[in-house]
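Each chain, letter by letter, is given below.
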4 protein chains.
Amino acid sequence: MKKINIAIVGIGRIGKIHLNNMLRYFPEANVLAVADLNYPIADFKKEFPNLSFSSDPAELFANKQVDAVVICTPTSSHAAMIEMAIQSGKHLFCEKPVDLSLQRTKVLVEKAEAAGIKMMLGFNRRFDPDFLTAYKNIRSGRIGDVQVVKITSRDPGLPPLEYIKNSGGLFMDMAIHDFDMARYLMGKEVKEVYAKGLVLVDPKVKEAGDIDTALTNLLFEDGSYAVIDNSRKAVYGYDQRVEVFGSKGMIQVENNLHNRNVVFDSEGIHQSLPLDFFMDRYAASYLNEMRYFVDSLVNQAPLPVGGLDGLKATLIAVAAKKSVEEGRPVLISEIS
Amino acid sequence: MKKINIAIVGIGRIGKIHLNNMLRYFPEANVLAVADLNYPIADFKKEFPNLSFSSDPAELFANKQVDAVVICTPTSSHAAMIEMAIQSGKHLFCEKPVDLSLQRTKVLVEKAEAAGIKMMLGFNRRFDPDFLTAYKNIRSGRIGDVQVVKITSRDPGLPPLEYIKNSGGLFMDMAIHDFDMARYLMGKEVKEVYAKGLVLVDPKVKEAGDIDTALTNLLFEDGSYAVIDNSRKAVYGYDQRVEVFGSKGMIQVENNLHNRNVVFDSEGIHQSLPLDFFMDRYAASYLNEMRYFVDSLVNQAPLPVGGLDGLKATLIAVAAKKSVEEGRPVLISEIS
Amino acid sequence: MKKINIAIVGIGRIGKIHLNNMLRYFPEANVLAVADLNYPIADFKKEFPNLSFSSDPAELFANKQVDAVVICTPTSSHAAMIEMAIQSGKHLFCEKPVDLSLQRTKVLVEKAEAAGIKMMLGFNRRFDPDFLTAYKNIRSGRIGDVQVVKITSRDPGLPPLEYIKNSGGLFMDMAIHDFDMARYLMGKEVKEVYAKGLVLVDPKVKEAGDIDTALTNLLFEDGSYAVIDNSRKAVYGYDQRVEVFGSKGMIQVENNLHNRNVVFDSEGIHQSLPLDFFMDRYAASYLNEMRYFVDSLVNQAPLPVGGLDGLKATLIAVAAKKSVEEGRPVLISEIS
Amino acid sequence: MKKINIAIVGIGRIGKIHLNNMLRYFPEANVLAVADLNYPIADFKKEFPNLSFSSDPAELFANKQVDAVVICTPTSSHAAMIEMAIQSGKHLFCEKPVDLSLQRTKVLVEKAEAAGIKMMLGFNRRFDPDFLTAYKNIRSGRIGDVQVVKITSRDPGLPPLEYIKNSGGLFMDMAIHDFDMARYLMGKEVKEVYAKGLVLVDPKVKEAGDIDTALTNLLFEDGSYAVIDNSRKAVYGYDQRVEVFGSKGMIQVENNLHNRNVVFDSEGIHQSLPLDFFMDRYAASYLNEMRYFVDSLVNQAPLPVGGLDGLKATLIAVAAKKSVEEGRPVLISEIS
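Residues numbered from 1 in each chain as written. Chains lettered and ligands numbered in written order. Predicted model: local features only at pLDDT ≥ 70, side-chain atom pairs only at ≥ 80, totals over all residues.

### Let's talk about the overall build of chain A
- Within chain A, the secondary structure is distributed over 13 helices and 15 strands.
- In terms of C-alpha radius of gyration, chain A reaches 20 Å, essentially the compact-globule figure of 20 Å for 336 residues.
- On the principal axes, the C-alpha backbone points of chain A span a range of 55 × 55 × 45 Å.
- Burial status across chain A gives 54% buried among its 336 residues.
- Across chain A, every contact between residues at least 6 apart in sequence was considered, and the portion connecting residues at least 24 apart equals 70%. (Helix = DSSP H or I, 4+ residues; strand = E, 2+ residues; numbered from the N terminus. Rg over C-alpha atoms; globule rule 2.2 N^0.38 Å. Buried ≥ 20, exposed ≤ 12 C-beta atoms within 10 Å, placed from the backbone. Contact = placed C-beta atoms within 7 Å.)

Below, the structure is given as structure tokens:
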């Protein structure tokens with residue numbers, strides 16, 4: 001078995017998911033080292049006694065044995081980490097977004113390209129079994145020409161205001177997944193964006209300079225369109241649905257419920273709520289995306305989603321924000 | 001348009017359903033007269049000012065203009081009414097059962113047959129659009145050879161004990177619909193019956209000499225089988241489902257809910273209950289069965305369900321009761 | 001029983017629905033006469049031998065005994081009929097829209113108001129049992145403050161091009177129902193409209209000067225919004241769904257399928273399609289709306305939907321068209 | 001962290017599931033050794049380079065360091081393995097059934113009890129998240145007193161005839177899971193069994209001395225009952241459903257489908273089939289049951305399902321077979 005050496009930077013919630021998936025499911029991916037600026041080394045050693053740990057990410061990049069890096073640090077340090085990965089000639093997987101700045105994103109994508117560095121973006125939802133099935137059904141022609149994509153994407157609750165302030169805003173932080181999903185399912189590029197940004201959940205979000213509710217219209221090059229509605233708070237859980245309408249039919253991707261019990265009583269018929277934690281809802285997608293990344297490293301399989309996809313989703317997010325601010329549809333061509 | 005003259009005997013809940021359906025939907029069926037021993041004539045005249053009414057059913061049978069009679073009197077008088085219809089040469093539709101006595105049922109079926117009288121039985125569920133669709137799907141070969149029929153048939157609540165005492169018992173009063181449904185969907189005859197009769201809802205039912213819960217196993221001639229579970233009380237409404245399993249697939253007939261609203265809140269996902277009143281649940285089936293009856297009279301179409309079907313369902317009910325009493329499987333051939 | 005005398009003008013498909021519902025279900029509504037410019041009198045007499053018929057609608061309006069008129073003529077003559085009804089002091093029910101001209105609509109609504117004429121508009125979907133249940137659930141506070149209404153409204157196929165040319169366009173002909181539904185469910189007024197009009201089904205629609213696909217964003221006064229997507233052709237039938245999202249939950253109104261059979265075979269699990277004909281899908285709504293109209297006439301109950309509602313839906317349709325033409329959001333205040 | 005040393009005997013499909021689950025998810029369970037009479041040592045070393053392997057199970061039992069054994073050998077050797085585990089004082093987890101012989105089962109259960117050996121049986125379905133939720137709902141009183149349990153349990157296809165011949169028959173091999181499920185959900189003991197055994201799938205099954213279709217009625221001590229229908233072949237996949245009816249409501253446990261895509265086309269509405277491989281369908285249950293076993297070893301938590309449960313399910317299987325042979329209901333008290 002050909003093996004590759006992996007390092008992981010950032011060992012928060014998402015970093016641990018990737019680390020555990022690597023250890024459990026990918027014997028061909030040898031986790032050589034983990035680094036995190038803030039994580040207590042003692043805690044790490046207790047949890048993962050057999051792994052090498054460093055408080056200085058630079059050590060990982062300096063390590064000649066490391067073939068590829070998985071970047072799970074906060075968004076604000078993504079650019080620096082990617083820069084180091086490119087400098088040290090290491091392939092990389094990075095959680096979305098590349099960077100809050102469109103310009104920096106562009107530069108990094110071009111540098112990675114020029115250096116022949118594989119750069120995969122963590123648009124994990126593409127690898128969710130249900131969305132992946134929808135994607136395959138669409139590509140197979142099952143519903144003919146795609147005319148409309150409708151995405152419902154609602155979080156189960158407001159994140160802390162502190163988080164919101166540093167998030168880059170709802171479009172960049174939350175809806176960016178949906179912008180990528182629309183491009184992915186359509187298989188086409190967005191031409192024009194019209195968005196409304198609202199504060200309907202909590203007025204404090206406004207004070208924090210953000211919105212908590214949004215409606216985004218994406219017009220694609222050929223006249224097909226996508227509508228995305230986002231809310232930071234759905235009391236019934238994490239609402240993640242997609243509906244794709246085409247000339248020969250429609251595909252609905254339904255929510256993933258806690259269980260398959262249906263209870264009938266004198267009041268009604270009851271089912272359990274949608275899974276409400278993104279790590280539960282998307283557990284399989286995190287595993288699958290890493291499978292693709294490892295496969296691309298070990299077997300030279302093509303990367304399923306790269307830096308350019310990150311750039312394009314960012315372009316849409318920037319256009320959406322501009323549309324809200326200016327109260328008019330914005331062309332993607334206006335942005336770059 | 002060819003027309004036929006109809007008389008209705010018995011103007012209780014079900015008699016009114018048939019009467020209104022006749023008036024509203026079948027211009028070719030001329031309702032000539034209605035009779036009821038107990039219904040106040042003044043009330044009737046207020047509701048149906050244009051219809052002829054009599055307190056003596058015999059008048060209807062004596063009326064030479066009447067071509068056919070719809071019998072909706074209590075079960076105890078069915079036999080007498082059918083007898084009169086046969087004597088006076090009138091075709092007849094009768095609510096189930098023909099009679100609580102197997103012997104009398106047999107005699108009446110034979111007499112009607114000998115006299116060339118059309119005798120349709122009110123096994124209305126055969127004409128419910130959902131069960132009818134299942135029937136057609138099965139006959140078309142959609143699920144191959146039918147191996148198993150499972151029927152869930154639960155009432156929304158106990159009828160009055162007085163009713164139970166005169167009902168002929170759960171098998172004859174309630175499960176008889178399901179016995180007919182099993183024969184109808186299978187298209188085969190029952191060979192052996194094994195049943196359990198239980199009192200799980202209310203001990204008073206035992207005092208009334210009946211059961212409120214039953215499980216019936218029907219073995220068909222070719223080794224296929226049906227299982228029927230009955231309860232007098234489902235707190236969530238009128239539970240009327242069928243599942244048919246065959247060599248090439250399965251058909252489920254689901255309940256008919258009050259509405260198609262799905263409500264999501266912080267507790268769960270909620271739907272409305274199944275329709276809980278038989279007259280709502282089976283509104284379409286009452287209309288459809290009358291359409292078949294009228295069609296058979298006006299256009300000489302074959303009767304979809306006749307006296308013999310009533311006899312066969314009664315045979316199963318008698319066998320089920322015997323099986324409960326003797327704690328063993330009972331052959332249909334033991335009964336007649 | 002107090003009775004009122006009704007006349008019906010226009011005896012096409014929808015006129016016949018109302019006529020039959022009157023005859024079958026509302027004894028208190030006496031259908032005094034029917035008029036239609038084009039319908040062959042012989043045909044009418046064959047179908048309704050007991051009803052008075054005229055080829056001149058003016059006769060109905062001249063008839064002093066007539067209390068109220070049900071107007072089911074083509075849209076182009078609605079205004080003239082309403083005018084005559086007002087002149088002759090008759091209450092009226094009119095199929096939507098009042099008129100393709102906003103100005104004429106306004107004038108008629110004001111005249112009826114001034115004359116004390118009850119003017120009910122045929123926004124029948126409000127009376128569909130499922131939408132009505134959703135409405136009641138919302139009003140009861142079941143899902144808290146309503147933030148988003150999403151309406152999917154797709155026809156099962158393109159109407160004839162000739163029809164399209166005279167229809168007033170997709171917004172006025174088809175989406176107007178959805179505009180009314182959004183107002184109805186929200187219980188608030190629209191402030192701004194943004195719409196995209198596309199031709200994705202058939203290029204001939206473009207030649208006919210119309211669109212076949214539309215996306216409309218409605219912003220309400222308080223910042224809540226509605227999204228409506230329309231298509232003239234859904235191959236899987238008549239797609240009529242609503243989803244309402246609020247601070248305490250969500251309500252989905254699902255499609256109404258042909259039957260409740262679920263078939264499992266080696267290929268998958270299959271259900272029947274949504275009802276594909278508007279007269280089947282909305283059969284109950286046509287009956288219910290007439291019940292409200294009759295109730296308003298006989299018992300002085302308030303009209304559930306009046307001329308003003310027609311005017312407001314028309315305003316939205318005009319704004320939507322303008323938005324498509326000018327490529328920008330349009331304020332309702334710009335229109336009137 | 002307290003640790004325990006585990007050995008696994010039998011490394012076929014199910015043995016590998018347990019082994020991988022141990023390695024991936026239970027750091028407190030140290031897999032000390034694996035043994036298999038037939039598995040090629042070279043293959044094992046390739047797959048699990050770091051684990052100790054033996055071709056002689058006796059070595060494991062002789063190993064003093066081993067605290068507990070997981071027995072995944074063919075049914076025919078279960079008794080011998082359990083015997084050795086008891087002799088060597090090791091706790092044990094054994095796949096069902098303990099043994100095809102009721103007598104031997106009894107003796108082993110008593111010996112383990114006497115020796116203070118923890119003996120857990122692999123009735124994995126109890127630990128399936130959906131069935132576990134149903135169990136908890138029932139125990140919480142959610143549906144009142146349980147009156148009826150209905151279990152549908154159908155395999156996706158006939159196993160090889162060779163397998164069938166050595167399986168102990170459908171009741172002992174397949175339905176035994178359902179007998180345990182009925183006891184588990186009811187929380188009561190079975191008093192009487194009535195069963196029908198049929199050959200409807202393939203006549204070769206009859207030649208092999210077995211049946212392929214069965215209907216079993218279980219009467220519980222208090223008059224409540226369970227109905228179980230089994231088939232060796234459901235063309236639509238692995239059909240694993242449970243329905244529990246009580247005085248205050250009903251719980252349905254639905255099948256687990258391949259994905260949550262719903263496809264609408266001109267033919268109908270389509271969903272994916274139920275998972276058709278038991279290792280996929282019950283993946284979570286295998287992990288969960290091992291969690292309970294490890295927890296019982298490490299933290300002295302009570303065993304959730306023990307040898308006595310295996311014995312009771314076996315008693316029901318023996319009674320069911322006798323009922324088929326003798327064509328009558330059989331009391332459990334007749335068996336022991």
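### What about helix α1 (residues 13-25) of chain C?
Residue and element names in this part refer to chain C.
- With 13 residues, α1 ought to run about 18 Å at 1.5 Å a step, and its terminal C-alpha atoms sit 18 Å apart, in line with that.
- When α1 is considered as a whole, its buried residues turn out to be Gly15, His18, Leu19, Asn21 and Met22. Angularly, the buried residues of α1 cover 165° about the axis, an arc narrow enough to put them on a single face. (Expected span 1.5 Å × (residues − 1). Arc of directions from axis to C-beta.)

### Some words on the relation of the copies chain C and chain A
- Once turned by 180° and shifted 0.0 Å along the axis, chain C lies on chain A with an RMSD of 0.0 Å. Both copies of the chain, as the preceding transformation shows, are related through a two-fold rotation axis. Taking C-alpha positions as the reference, the residue of chain C nearest the rotation axis is C:Arg328, at 2.9 Å.
- Most of the interface of chain C is mirrored in chain A: 100% of its interface residues are interface residues there too. (Least-squares fit on C-alpha atoms with pLDDT ≥ 70 in both.)

### Focus: the pairing of strand β10 (residues 225-231) of chain A
Residue and element names in this part refer to chain A.
- Of all seven residues in β10, seven are buried; the element is thus mostly enclosed.
- Side-chain alternation along β10 places Tyr225, Val227, Asp229 and Ser231 on one buried face and Ala226, Ile228 and Asn230 on a second face that is also buried.
- Two strands pair when backbone bridges link them, and strand β7 (residues 146-154) and β10 are joined in this way by seven bridges, in the parallel orientation. Along β10, the bridge assignment pairs valine 148 with tyrosine 225.
- Alignment of strand β9 (residues 213-220) against β10, held across seven bridges, turns out to be antiparallel. (Pairing = 2+ DSSP bridges.)

### As for the domain arrangement of chain A
All names here are of chain A.
- Partitioning chain A into structural domains gives domain 1 (4-117) and domain 2 (126-277 + 313-335).
- On a C-alpha basis, the centroid separation for the pair domain 1 and domain 2 is 28 Å.
- Taken residue by residue, the interface counts six residues in domain 1 and six residues in domain 2.
- Classifying every residue of the side of domain 1 that touches domain 2 gives three nonpolar, two polar and one charged. (Domains from an automatic or database assignment. Nonpolar A, V, L, I, M, F, W, Y, C, P; charged D, E, K, R; others polar.)

### Thoughts on the packing of helix α1 (residues 13-25) of chain B against helix α11 (residues 283-299) of chain B
Residues and elements named next belong to chain B.
- Close contact between α1 and α11 brings their axes to 10 Å; oriented N to C, the two are set at 65°. For α1 against α11, the interelement crossing comes out right-handed. Side by side, α1 and α11 meet where Ile17, His18, Asn21, Met22 and Tyr25 of the first sit next to Tyr286, Leu287 and Met290 of the second.
- Residues belonging to the contact of α1 with α11 are distributed by class as follows: six nonpolar, two polar and no charged. (Axes fitted to C-alpha atoms, helices over the stretch in contact; angles between N-to-C directions. Left-handed = near helix turned anticlockwise from the far one by under 90°.)

### Let's talk about the sheet that holds strand β1 (residues 4-9) of chain D
Residues and elements named next belong to chain D.
- Across the sheet, six strands lie side by side as β3-β2-β1-β4-β5-β6; this open sheet has parallel pairing. Whereas interior strands pair on both sides, the edge strands pair on one side only; in this sheet they are β3 (53-54) and β6 (119-121).
- Across two bridges, the pairing between strand β2 (residues 29-35) and β3 is parallel. Bridge pairing in β3 links alanine 35 to serine 54.

### Notes on the relation of the copies chain D and chain A
- Take chain D, turn it by 180°, move it 0.1 Å along the axis, and it overlays chain A with an RMSD of 0.0 Å.
- Of the interface residues in chain D, 100% have counterparts in chain A that sit at the interface too, so the contact is made through matching surfaces.

### What about the interface of chain D and chain A?
- The interface is formed by 22 residues belonging to chain D together with 22 residues belonging to chain A.
- Put simply, the parts of the chain that give the side of chain D that touches chain A at least two residues each are α6 (129-139), β12 (249-253) and β13 (261-264) of chain D.
- Among the residues making up the side of chain D that touches chain A, the classes are represented as eight nonpolar, seven polar and seven charged.

### Focus: helix α5 (residues 102-115) of chain B
Residues and elements named next belong to chain B.
- Over its 14 residues, α5 runs 20 Å from end to end, which matches the ideal 20 Å to within 8%, given 1.5 Å per residue.
- Turning to α5, its buried residues are Thr105, Leu108, Val109 and Ala112. Considered in projection along α5, the buried side chains sweep an arc of 100° and stay on one side of the axis. Exposed side of α5, more than 90 degrees from the buried face: Gln103 and Ala114 are the residues found there.
- Lining the buried residues of α5 we find α4 (78-87), β6 (119-121) and α12 (307-326).

### A look at the interface of chain C and chain A
- Listed per partner, the contact involves 26 residues of chain C and 26 residues of chain A.
- Considered class by class, the residues forming the side of chain C that touches chain A number 13 nonpolar, eight polar and five charged.

### Some remarks on unusual backbone geometry
Residues and elements named next belong to chain A.
- Residue proline 97 is reached from lysine 96 by a cis peptide bond, and omega for that bond is -10°.
- Locating proline 97 in the fold gives a position in the loop between β5 (91-94) and α5 (102-115).
- A positive phi angle is found at glutamine 300, which is not glycine, with a value near 55°.
- With respect to the helices and strands, glutamine 300 occurs in the loop between α11 (283-299) and α12 (307-326).

### Brief notes about the sheet that holds strand β1 (residues 4-9) of chain A
All names here are of chain A.
- The six strands are arranged β3-β2-β1-β4-β5-β6 in an open sheet whose pairing can be described as parallel. At either end of the open sheet lies a strand with only one pairing partner, and these are β3 (53-54) and β6 (119-121).
- Where β1 lies against strand β4 (residues 68-71), four bridges are found, and the strand directions are parallel. Bridge pairing links alanine 7 to valine 69 in β4.

### Topic: the nonpolar core
- With 220 residues, the main nonpolar core has A:Leu185, A:Val244, C:Leu185 and C:Val244 as its most contacted residues.
- Once residues lying within four places of it in the same chain are set aside, the contact partners of C:Val244 are C:Ala134, C:Ile138, C:Ile143, C:Val146, C:Val149, C:Leu185, C:Met250 and C:Ile251.
- Membership of the second largest hydrophobic core comes to 219 residues, among which are B:Ala195, D:Ile86, D:Leu92 and D:Val330. (Core = buried A, V, L, I, M, F, W, Y, C linked by C-beta atoms within 7 Å.)

### Focus: the environment of D:Val330
All names here are of chain D.
- On the secondary structure map, valine 330 appears in strand β15 (residues 330-331).
- Taking the C-beta count within 10 Å as the criterion, valine 330 has 21 such neighbours and is therefore assigned buried.
- Here the alpha-carbon distance between valine 330 and leucine 23, two residues 307 residues apart in the chain, equals 45 Å.
- Excluding residues within four positions of it along the chain, valine 330 makes contact with Glu192, Val193, Ala319, Lys322 and Ser323.

### Observations regarding the environment of B:Ser231
All names here are of chain B.
- Structurally, serine 231 is set in strand β10 (residues 225-231).
- Classification of serine 231 as buried rests on a count of 24 C-beta atoms within 10 Å.
- Considered as a pair, serine 231 and serine 285 are 54 residues apart in the sequence and their alpha carbons are 22 Å apart.

### A look at the confidence of the model for chain A
- Taken as a whole, chain A shows an average pLDDT of 96; of its residues, 100% reach a score of 70 or greater.
- Model confidence for the complex is summarised by a pTM of 0.96, with the ipTM given as 0.95. (pLDDT = per-residue confidence, 0-100.)

### What to know about the pairing of β9(A)
Residue and element names in this part refer to chain A.
- Of all eight residues that make up β9, eight are buried, and the element is covered over most of its length.
- Here β9 shows two buried faces, one formed by Thr213, Leu215, Asn217 and Leu219 and the other by Ala214, Thr216, Leu218 and Phe220.
- By the bridge criterion, eight bridges tie strand β8 (residues 190-198) to β9 in an arrangement that is antiparallel. Across the sheet, residue alanine 195 finds its bridge partner in β9, namely threonine 216.

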